[in-house]
Structures are given as C-alpha cells and as structure tokens.
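A closer look at the structure
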Amino acid sequence: ADDRRRSTATLISGDSWRWVHFPKCAGTTTEAVLARHFGADPSIVFDPIDPNHVIWHESVRRREERTGKSLRDKDVIMNFRRLPAWVLSKSFFEERRGGPQHVRRDLLDCTLHEVDGTVHRPDHYIEHYMGPVAHWLRTEYFAEDFTAIFSRYLDLSGVDRNELGETENQGAYSKDLLKW
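**Comments concerning the overall build of the chain**
Along the chain, the regular secondary structure elements total six helices and seven strands. Order of helices (α) and strands (β) in the chain, N terminus to C terminus: β-β-α-β-α-β-α-α-β-β-α-β-α. For the chain, with 180 residues in total, the buried portion stands at 45%. Once local pairs closer than 6 in sequence are excluded, the contacts in the chain between residues at least 24 apart make up 65%.

Here's what the structure looks like:
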C-alpha cells in the first residue's frame, strides 16, 4: 500500500461495503490490516489522510451531510467496544492528549472528559454514530468478527489469523476493571 493510505482512515470502501471508524474500537488495527492486504487493490478506496482536514472520526450521517452523497448504497461495517472497556480506553486516550486525569468516579458514572473541556457520556457517541450499520465488528472478538464479516466481501486467504489477535494502539493503562 502506498504511504498516503497509511494512517487511520475514516472510511474505507469496497464494491459493496464501507467501513467507518468508531473511535477507540480497534480502528487502527482494522485499517492497518485492510491497508496491508488490500491497499493496492484499486477496487478498495481509502479516505485520504490530511492532518489539516481531519475526517477520520466522521459518522455516516456527518459524511452524508458534508458531501451531499448517500452512503446507504453499500453495507456499513463499524467496530464497537463494550462498556466499561470503551469508557476506560476513551478516557485514557483523552488524558494522553492533555485532557484531565480520570478518576474512579468517572468510570463508574461513564463520564468522559474531552481534551477540549466538554463532558460526554457514551450515549453521545452512540447517537452520533448510529445509522445504517449492517455489521458490528466487536473489538473483544476482533479476530472472529473481522474474519466473519470481511470474508463476505474480501478474499482473506492471505490474512494470517495471528495478526488479528492483538489490536494496535494499546494504551499504557491498566485494563483491569477491578483496580478502578
């Protein structure tokens, strides 16, 4: 794959599917596997990466509003991570970006403090990303779901299942929920 395709893309499209990046749900891993194995395939289109025009967490609805084009002509695939693991991942991601340090009460209340000072709950993200999703790729079952979903659309014979076992972008925080 060429380097302009190497970074977290918001939207990757094949002939009959589109993958949308829901934040903190193994999107980097999903994009990396697709780019590594299908980045040179002209039938698969990766959004261009432009740090001056960041679109890699656009929802289907936001993309449709911005472009004026419907995305409903193809199956939408989106990753998802269960609570409370998603809250923990998102909280520490924001903290690494300069946001406030999170405490146990934030996890228990499912309160997310963004780096810009806004406070959200997971429902905010669900409302933002909900739309015509045909397949949810569960982060906790990444290898199984990636294989089951993408094998409907792509020849995965060249994808080593071992590379689907670990998600990238792992934060240096304790994922042991009992410690929180």
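Read on, since the account is not over.
**Considerations on the side chain of Ser13**
Structurally, the position occupied by Ser13 is in strand S1 (residues 11-13). At 3.2 Å, the side chain of Ser13 forms a polar contact with the side chain of Arg18. Contact partners of Ser13, with chain neighbours within four places excluded, come to Arg18, Ser43, Ile44, Val45 and Lys74.

**Let's talk about unusual backbone geometry**
Going from Leu83 to Pro84, the amide bond is cis rather than trans, its omega being 0 degrees. Mapped onto the elements of the fold, Pro84 is located in the loop between strand S4 (75-80) and helix H3 (85-96). Positive phi, close to 65 degrees, is recorded for Lys24, a residue that is not glycine. Positionally, Lys24 belongs in the loop between strand S2 (17-20) and helix H1 (27-38). A relative accessible area of 13% places Lys24 in the buried class. One non-glycine residue, Cys110, lies in the positive phi region at around 55 degrees.

**So, empty space enclosed by the protein**
Under the definition given, this model contains one cavity of 30 Å³ or more. Taken as a whole, the largest cavity encloses approximately 40 Å³ of empty space. The wall of the largest cavity is formed by ten residues, among which Leu88, Ser91, His102, Val103 and Leu107 lie closest to the centre. Listed by contribution, the elements that provide at least two residues to the lining of the largest cavity are H3 and helix H4 (104-109). Broken down by element, the lining of the largest cavity gets its largest block of residues, four residues, from H3.

**Considerations on the sheet that holds strand S3 (residues 45-46)**
A sheet is described by the order of its strands in space; here five strands give the open sequence S3-S1-S2-S4-S7, paired in mixed fashion. Here the strands that pair on one side only, and so sit at the sheet edges, are S3 and strand S7 (133-138). Across three bridges, S1 lies against S2 in antiparallel orientation. Note that in S2 the partner of Ile12 across the bridge is Trp19. Taken strand by strand, helix H6 (residues 142-150) contacts S2, S4 and S7, and its axis lies near 150 degrees from that of S7.

**Details of the layout of surface pockets**
One number sums up the size of the second largest pocket: a volume of about 200 Å³. Forming the walls of the second largest pocket are Leu11, Ser13, Arg18, Val45, Phe46, Asp47, Arg63, Arg66, Thr67, Lys69, Ser70 and Leu71. Elements represented by at least two residues in the lining of the second largest pocket include exactly S1, S3 and helix H2 (60-67). Residue contributions to the lining of the second largest pocket peak at three residues, all from H2. Split into classes, the residues belonging to the lining of the second largest pocket amount to four nonpolar, three polar and five charged.

Criteria and thresholds
- Residues numbered from 1 in each chain as written.
- Predicted model: local features only at pLDDT ≥ 70, side-chain atom pairs only at ≥ 80, totals over all residues.
- Heavy atoms only, no water.
- Helix = DSSP H or I, 4+ residues; strand = E, 2+ residues; numbered from the N terminus.
- Buried < 20%, exposed > 50% of the residue type's maximum accessible area, 1.4 Å probe, protein only.
- Contact = heavy atoms within 4.5 Å.
- Polar contact = N/O pair within 3.5 Å; in protein donor to acceptor, adjacent residues only side chain to side chain.
- 1 Å grid on protein atoms, 1.4 Å probe; cavity = no way out; pocket = protein on both sides within 12 Å on 5 of 7 lines; lining within 4 Å.
- Points joined across faces, edges and corners; volume = space filled by probe spheres on them.
- Pairing = 2+ DSSP bridges.
- Axes fitted to C-alpha atoms, helices over the stretch in contact; angles between N-to-C directions.
- Nonpolar A, V, L, I, M, F, W, Y, C, P; charged D, E, K, R; others polar.

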